[in-house]
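Here are the chains, one letter per residue:
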Amino acid sequence: MSDRVTLGIDRIKCDGHGVCADLVPELIELDDWGYPIIRGARSRSPFSHMPRRAVSGCPTLALRLQALASRR
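So, a few notes on the structure that sits alongside this text. (Residues numbered from 1 in each chain as written. Predicted model: local features only at pLDDT ≥ 70, side-chain atom pairs only at ≥ 80, totals over all residues. Heavy atoms only, no water.)

Digging into the overall build of the protein
Each helix and strand counted, the protein has two helices and five strands in total. Tracing the protein from N to C terminus, the helices and strands come up as β-α-β-β-β-α-β. Going through the 72 residues of the protein one by one, you find that 33% of them count as buried. The long-range fraction of contacts in the protein, counting pairs at least 24 apart against all pairs at least 6 apart in sequence, stands at 64%. (Helix = DSSP H or I, 4+ residues; strand = E, 2+ residues; numbered from the N terminus. Buried < 20%, exposed > 50% of the residue type's maximum accessible area, 1.4 Å probe, protein only. Contact = heavy atoms within 4.5 Å.)

Points about empty space enclosed by the protein
Any empty space left between atoms is shown by rolling a water-sized probe over those atoms. Scanning the entire structure with this criterion turns up one cavity of 30 Å³ or more. Approximately 90 Å³ is the volume attributed to the largest cavity. Surrounding the largest cavity, 14 residues form its lining, Cys14, His17, Gly18, Cys20 and Cys58 being those nearest its centre. Residues of the lining of the largest cavity, tallied by class, amount to nine nonpolar, four polar and one charged. (1 Å grid on protein atoms, 1.4 Å probe; cavity = no way out; pocket = protein on both sides within 12 Å on 5 of 7 lines; lining within 4 Å. Points joined across faces, edges and corners; volume = space filled by probe spheres on them. Nonpolar A, V, L, I, M, F, W, Y, C, P; charged D, E, K, R; others polar.)

Nothing here speaks to function; it is all geometry.
Structure below.
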């Protein structure tokens, strides 16, 4: 498995609660309607606490961690 992950969002599931932006404002900001804009979402370790915190705190389970393909 890759040692790099990215934070993704399922825009269909997202209801714009804004919990993710409250938990990790370093990674997520809200647009004018309260929906998340993910920035700086790549992490070197799949165990990075910030993306995992956002994923576990999402009330609609709209956030996910995805492994990035490793370059050889």
